[in-house]
Amino acid sequence: MFKVTQGRVIGFLNAAGYVFFFTLRKNLISKISLICEIILKRPPLFLILPLLLLLLLLDTAHGIRLTNVKHLFDIKHNFSEPSDVSVSKEGIIYVVDGVNNKIKAFNQKGKFIFSFGKKGPLKGQFKFPMGIDIDDSGRVYIADSGNRRVQVFNSTGSFISQIRVPPKDDNPADPTDVAVNEAGNRLYVVDNDNHYILAYDLSTLEQIKTFGMPGIEKREFRYPFLAALDKEKYLYITDVINTRVQVFNPDGLFVMVIGGWGVEKGKFFRPKGVAVDKLNRLFVSDSYMGVIQVFLSSGDFYSVLGDPEKGAVKKFIKPMGIYIDDNNRLYVVEMFAEKVSVYSIEGDTGRNVKDEEVKQEDDRGQAVSE
Amino acid sequence: MKKIILLNLSILVIAFQSGISHAQIEAPRNPDSAKECAICHYRWIDIFFIDGKGSDLVEYQAEKVVARPEICFSCHDGSVVDSRARVYNDLRHQINKPPPSHMRIPKIFPLDKNGNMQCSTCHTAHGVSSEYGMEKTIFIRSSNKDSAMCRMCHSDKDGGLPAGNHPTGSTERKIPKKLVARGALIGEGKNNVICETCHTVHGSHNESFLIESSRNSQLCLECHSDKNIFTPDGKRNHFHVINAKSEKVKIPDDLILKGAKLGNNAEIICQTCHRIHNNKIEKHLLLIKKDEKSTLCVTCHIDKQYLADTKHNLIHSAPEEKNLEGKTVAETGICSACHLPHKEARKPGEGPDFTTQLCFSCHSKGNIAEETIPKDYTHPIDVTPYKQEDKDILLTKIGMEKEKLALPLYNKSGVQDRDGKITCATCHDPHRWRADSTEGEIRKDVKGDKTTSFLRRSSPGLCEECHDDKFYVVNSKHDLGKVAPEEKNILEQGPSESDICGTCHLVHGAGKDYLWAREITTKSDNPAENLCVSCHNEKGIGKEKVIKGYSHPVNISPAEKGLKTTLPLFDKDGKVSEEGVMTCQTCHDPHRWDPVRTVSEDHSKVEGTSENSFLRLENSPQPGLCENCHAVQAYLEKTDHDLIVTAPEEKNISGQTPHESGTCGVCHLVHNGKNRIKLWAQGFAKGKGVMDMMCNSCHSKKGSAKIKIPEIDTHPDGQLITNVGRDIKDKPNYFPMYDNSTGEYSSVGNISCPSCHDVHQWDPRFDKKGNGVNLEGTANNSFLRTHTYGLLCIDCHGLDALFRFKYYHDPLERVERMTSPFIPIKLE
């Protein structure tokens with residue numbers, strides 16, 4: 001009797017001379033056993049080694065580029081299902097602590113500074129807020145979902161203004177996120193239940209237009225959720241049930257779709273959070289798969305975040321809102337873990353790393369339709 | 001050849017692997033791997049289901065996870081539906097656990113392979129249609145109309161009162177909007193109570209998934225608001241308390257075993273008496289069977305059972321009396337004559353608090369205990385018994401420390417509260433006749449005494465609970481049991497009947513001031529003084545200590561004399577007041593013989609000194625009491641004029657040594673003096689004026705200061721000296737002059753000893769007491785007043801004033817000599 005272990009494949013020869021191979025994938029166990037019964041009854045030893053090599057090839061993870069992230073620290077502060085995070089130019093980290101109906105602020109080391117808000121319908125109060133964005137002036141915009149409004153605060157949490165998001169066809173609004181384009185004087189509000197985006201004049205807080213409708217085509221949504229702007233103020237919106245990200249230019253014109261249905265690279269099962277780094281790469285969190293994938297500005301899949309210590313895909317516990325700051329730090333809200341994990345984005349490893357390089361230039365497609 | 005075999009083998013392995021995989025895995029029925037299905041049926045995604053492997057991103061998924069909470073929450077996290085707070089905050093019907101063993105789960109509600117409940121036990125994306133509309137029941141396996149689905153598993157909670165459960169179905173009682181706003185559902189029809197009227201399966205922060213907590217009775221009170229002990233405007237109803245924790249009532253363990261519940265902090269709540277489900281013990285879902293013996297009440301209120309043999313059991317004292325339900329005590333039980341758990345049993349009387357109102361419902365005019373209404377003045381209620389300290393006044397009205405008080409206090413709502421106030425029930429336990437035993441008394445003609453009368457303690461122990469600082473009076477001259485055992489109070493009670501407190505104070509039926517128990521024979525301007533004089537008069541029991549002759553004035557305001565004091569002053573109503581005047585009790589505490597020492601043995605026959613004598617402050621050997629007003633005069637202490645130091649054997653005209661009389665009492669008698677002037681306590685020696693005569697009484701050959709006799713001690717008279725401008729006390733140039741015969745202050749007259757000397761202060765430069773050492777004086781001290789030489793003498797005598805002074809006061813200095821810079825004068 002002998003035992004050979006190699007990676008996740010284990011083989012041994014029983015007393016009767018039968019060879020059994022086991023892998024950690026259960027479905028292979030029966031296959032290998034059957035092969036051995038049929039082909040390899042009392043095999044000569046010279047056959048065992050090549051067979052093992054073959055199985056190892058079959059069982060090795062498929063090649064994929066990993067964009068490694070180095071864990072810096074976690075922010076935990078009695079969160080109750082936090083949903084989104086953003087960082088001001090001053091470096092204050094704001095976390096939407098939704099079920100606690102609070103916005104909590106932390107310094108760059110993750111130390112708690114202050115919080116604001118409590119449950120209620122009044123100014124400065126929240127009802128299960130969801131999304132957040134911060135403009136260059138440090139004003140904090142909160143999608144106060146349950147109160148069907150967006151509230152604006154100064155950097156210390158003092159109430160400034162609010163936008164009552166109107167119902168659509170008698171369906172109450174469900175604002176789940178906001179995106180602020182201060183240079184373009186635009187405020188975008190994602191209405192999850194009504195499947196469209198509202199654009200506001202930032203200076204007057206008056207609604208200018210909307211775009212989107214329920215459906216599966218371009219410019220159509222099934223539950224748009226969180227949004228982000230890149231440096232050119234292109235708008236990226238996760239389209240949850242359509243399992244994709246839609247991209248719109250600053251005029252609200254459709255540009256392209258990123259991702260699609262599935263659990264393979266470049267696909268989504270539950271896309272939730274989006275963020276764009278300074279290389280204009282798009283990061284998309286998938287709350288069920290627990291991964292964050294990286295796409296080029298062309299919309300092509302680039303990589304998945306990797307764990308440099310394990311040399312494997314980095315797994316998150318229900319990642320939701322994500323944010324990348326000017327220091328290339330990635331903030332990930334892990335809703336089930338009730339924390340915000342903070343990483344520095346490192347280099348890439350994995351298959352074909354040398355074959356491809358990140359394109360610096362903007363290679364997005366052109367806007368195609370109103 | 002070997003290479004060929006190996007290559008063929010490899011091809012076969014690959015071929016078999018894919019081919020066999022389909023054959024080996026049992027396909028689900030009606031699989032649909034299209035996105036619209038696989039968006040929940042994760043297992044059905046092609047790469048898992050068809051290829052049998054994972055992807056670069058995720059592991060292979062072999063098991064069905066469609067019913068796992070993680071799949072549900074991947075949409076219910078707000079990205080499709082926001083169920084964060086309602087469902088996924090650990091506030092939901094249990095999952096990942098098996099149902100209770102007694103519960104029969106209908107087959108349409110599948111458990112997982114381990115027999116555990118999962119989301120899919122109740123929910124399926126392919127759910128039934130419902131009368132409520134798809135938005136409510138599309139994911140539920142069965143219609144939940146009127147909580148029908150709940151009842152399918154929880155059948156033991158159904159059936160209403162006959163089944164021992166809270167009734168469901170339409171009711172006359174309106175389900176409040178407030179409850180609906182919090183998530184309560186109403187079944188079809190009018191006020192239809194269903195399971196979900198009280199329970200919500202998802203998102204409740206409360207026990208048993210209740211819409212509101214029952215542990216503070218709030219859920220029950222939403223509908224049963226008429227049972228609330230408080231009205232909407234905060235007034236206390238005369239119902240059984242809820243949401244209150246009793247310090248004395250313990251809920252029996254067997255009642256807890258039956259299902260009685262307490263509040264989060266062990267408070268009495270609705271469910272302490274009522275069990276809402278599976279309770280067939282008694283109607284109204286009570287946990288105890290009701291009977292005419294008030295078993296329901298006595299189960300918890302064990303200490304109230306002794307009422308049965310007292311006059312408070314109306315079966316003895318008022319058998320025909322009916323409560324507000326129109327029932328006699330015989331019909332309704334002894335407790336229900338006065339108490340009904342959710343109704344008023346009697347019309348409450350007038351009173352400042354809840355418990356007093358209960359008492360007055362009988363003990364008031366026109367009611368069954370009218371004859372026992374307390375007459376005249378009675379102990380105050382609605383006051384706090386705790387120590388009331390005023391740092392500016394040397395008087396502690398009540399000395400009780402909060403942590404020591406054993407008697408109950410009550411808040412406005414009648415709940416025992418250590419921060420509450422005194423009510424009737426603070427001293428009386430209406431359920432127990434005797435303080436020292438559980439024995440009752442039902443005879444109408446037997447009156448209560450200091451041990452009975454429903455008192456919580458026998459008197460005077462009861463009084464001592466709050467007024468323990470007054471009990472220094474025991475064994476003193478004011479303990480009438482010791483000094484006047486035959487004396488009776490206005491109720492004709494001797495000390496043995498009334499107890500020590502009752503000789504002077506009555507709790508009920510007393511006089512107006514200080515609940516006085518004795519006849520007031522005088523009517524001075526100050527009621528507080530009248531109390532003392534009611535005994536200390538020529539015919540009273542304190543006739544040996546009557547104030548007569550010359551005494552310290554009373555009914556004067558120290559403030560008007562420019563004096564400050566922390567001793568208590570009393571206003572015209574006898575109340576302590578900063579604006580008040582002096583009276584006997586300013587200096588005397590009638591309850592304490594010795595202000596410093598606790599004297600427990602019999603001291604009723606001891607003659608007093610300045611150390612005791614019921615003084616509020618010890619006045620010997622330090623003059624603490626006098627000093628409290630006369631602070632400047634107290635600089636005399638431990639100087640040569642303090643005879644406790646310099647002549648301890650001397651006696652004043654009352655025969656007291658300095659130690660007995662105190663430093664001040666050597667020269668001044670506070671009571672019963674013989675001299676009006678300065679209440680002088682010594683004799684008068686020779687002298688040209690009364691002031692000099694007083695000084696010379698000591699500074700004479702037979703006096704205690706015989707070594708300090710000035711050989712030439714007087715200034716020539718008849719000079720018409722005036723001190724105008726120098727007659728203001730406390731001014732540096734103060735130079736008083738006195739009338740020779742009366743000793744009164746005078747602005748034109750003759751110089752006497754105290755013109756130059758302040759007998760109370762050794763050194764005018766230092767406002768302080770002496771150090772007890774007999775010093776030889778100089779021109780700077782020697783009890784001289786400030787600048788005596790520098791001002792007054794020089795005014796008349798110019799620069800030779802000192803020479804003249806020495807010439808007239810010291811014979812040795814009476815020589816002619818040149819003393820520059822003074823100009824010599826020719827002496828005759």
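Conventions we followed
- Residues numbered from 1 in each chain as written.
- Chains lettered and ligands numbered in written order.
- Predicted model: local features only at pLDDT ≥ 70, side-chain atom pairs only at ≥ 80, totals over all residues.
- Helix = DSSP H or I, 4+ residues; strand = E, 2+ residues; numbered from the N terminus.
- Buried ≥ 20, exposed ≤ 12 C-beta atoms within 10 Å, placed from the backbone.
- Pairing = 2+ DSSP bridges.
- Axes fitted to C-alpha atoms, helices over the stretch in contact; angles between N-to-C directions.
- Core = buried A, V, L, I, M, F, W, Y, C linked by C-beta atoms within 7 Å.
- Contact = placed C-beta atoms within 7 Å.
- pLDDT = per-residue confidence, 0-100.

Further remarks concern the overall build of chain A. When helices and strands are tallied, chain A shows two helices and 30 strands. Burial status across chain A gives 46% buried among its 370 residues.

Once that is clear, we can look at the overall build of chain B. What chain B contains, in helices and strands, is 29 helices and 11 strands. For chain B, with 828 residues in total, the buried portion stands at 32%.

To continue, consider unusual backbone geometry. All names here are of chain B. Backbone torsion omega between S459 and P460 reads 15°, so that peptide bond is classified as cis. Along the polypeptide, P460 turns up in the loop between α17 (424-427) and α18 (461-467). Cis geometry is found at the peptide bond from S620 to P621, where omega equals 5°. Note that P621 resides in the loop between α22 (584-587) and α23 (624-629). Although it is not a glycine, S453 sits at a positive phi angle of roughly 60°. Considering the arrangement of structural elements, one finds S453 in the loop between α17 and α18.

In this section: the sheet that holds strand β2 (residues 186-187) of chain B. What the three strands build is an open sheet, ordered β1-β3-β2 (chain B); its pairing is antiparallel. The sheet terminates laterally at β1 (169-170) and β2 of chain B, the two strands that pair on one side only.

Residue and element names in this part refer to chain A. Taken together, the four strands give an open sheet; going across it, the order is β19-β20-β21-β22, and neighbouring strands pair in antiparallel fashion. Every other strand in the sheet has two partners, leaving β19 (224-229) and β22 (254-258) as the edge strands with one partner each. With strand direction ignored, the average angle separating the axes of adjacent strands in the sheet is 20°. Relative to strand β21 (residues 244-248), strand β20 (residues 235-239) is paired through five bridges, and the arrangement is antiparallel. Within β21, the position partnered with L235 by the bridge is F248.

With that settled, consider the environment of D226 of chain B. The topology assignment puts D226 of chain B in the loop between α10 (218-223) and α11 (253-258). Spatially, the C-alpha atoms of D226 of chain B and H342 of chain B are 8.0 Å apart, while their sequence positions differ by 116 residues.

Turning to the nonpolar core, a few remarks are in order. By size, the foremost hydrophobic cluster in this structure holds 108 residues, and its most contacted members are V189, A227, L235, Y236, V274 and Y331 of chain A. Not counting the four nearest positions on each side in its chain, L235 of chain A is found in contact with A179, Y188, A227, L229, V247 and F248 of chain A. Judged by nonpolar contacts, the second largest core, of 40 residues, contains F614, M693, I751 and C753 of chain B.

Residues and elements named next belong to chain A. Chain-level pLDDT for chain A is 84 on average; 78% of the residues reach the 70-or-more range. Note on residues 52-62: pLDDT under 50 across the span, and 17 contacts to partners over four residues away in sequence or across chains. Low pLDDT, under 50, characterises residues 352-362; the stretch is placed with 14 contacts to residues that sit more than four places away or in other chains.

Counting buried residues along helix α25 (residues 658-665) of chain B, six of its eight residues qualify, which places the element largely inside the surrounding structure. Contacts made by the buried residues of α25 of chain B are with α23 and α24 (643-646) of chain B.

If you trace the backbone, T384 of chain B turns up in the loop between β6 (377-378) and α17. Distance in space between the C-alpha atoms of T384 of chain B and I398 of chain B is 9.3 Å, their sequence separation being 14 residues.

With that settled, consider the pairing of strand β28 (residues 319-324) of chain A. All names here are of chain A. In terms of residue burial, β28 counts as a mostly covered element, since six of its six residues are buried. Here β28 runs beside strand β29 (residues 329-334); their pairing, made up of four bridges, is antiparallel. Looking at the pairing, I322 lines up with V332 of β29.

Residue and element names in this part refer to chain A. Most of strand β14 (residues 186-191) sits inside the fold, with six of its six residues counted as buried. Because side chains alternate across β14, one face comprises the buried residues R186, Y188 and V190, and the other comprises L187, V189 and D191, equally buried. Where strand β13 (residues 175-181) meets β14, six bridges bridge the pair, whose relative direction is antiparallel. Among the inter-strand pairings, A179 is bridged to a residue of β14, identified as Y188.

Residues and elements named next belong to chain B. The predicted model of chain B averages 86 in pLDDT, with 91% of residues at 70 or higher. Within the model, the stretch residues 1-33 combines pLDDT values under 50 with 31 contacts to residues more than four positions away or in other chains. Considering only residues more than four positions removed or in separate chains, one finds that residues 818-828, a stretch of pLDDT under 50, has nine contacts. For this predicted complex, the interface score ipTM comes out at 0.82, while the overall pTM is 0.60.

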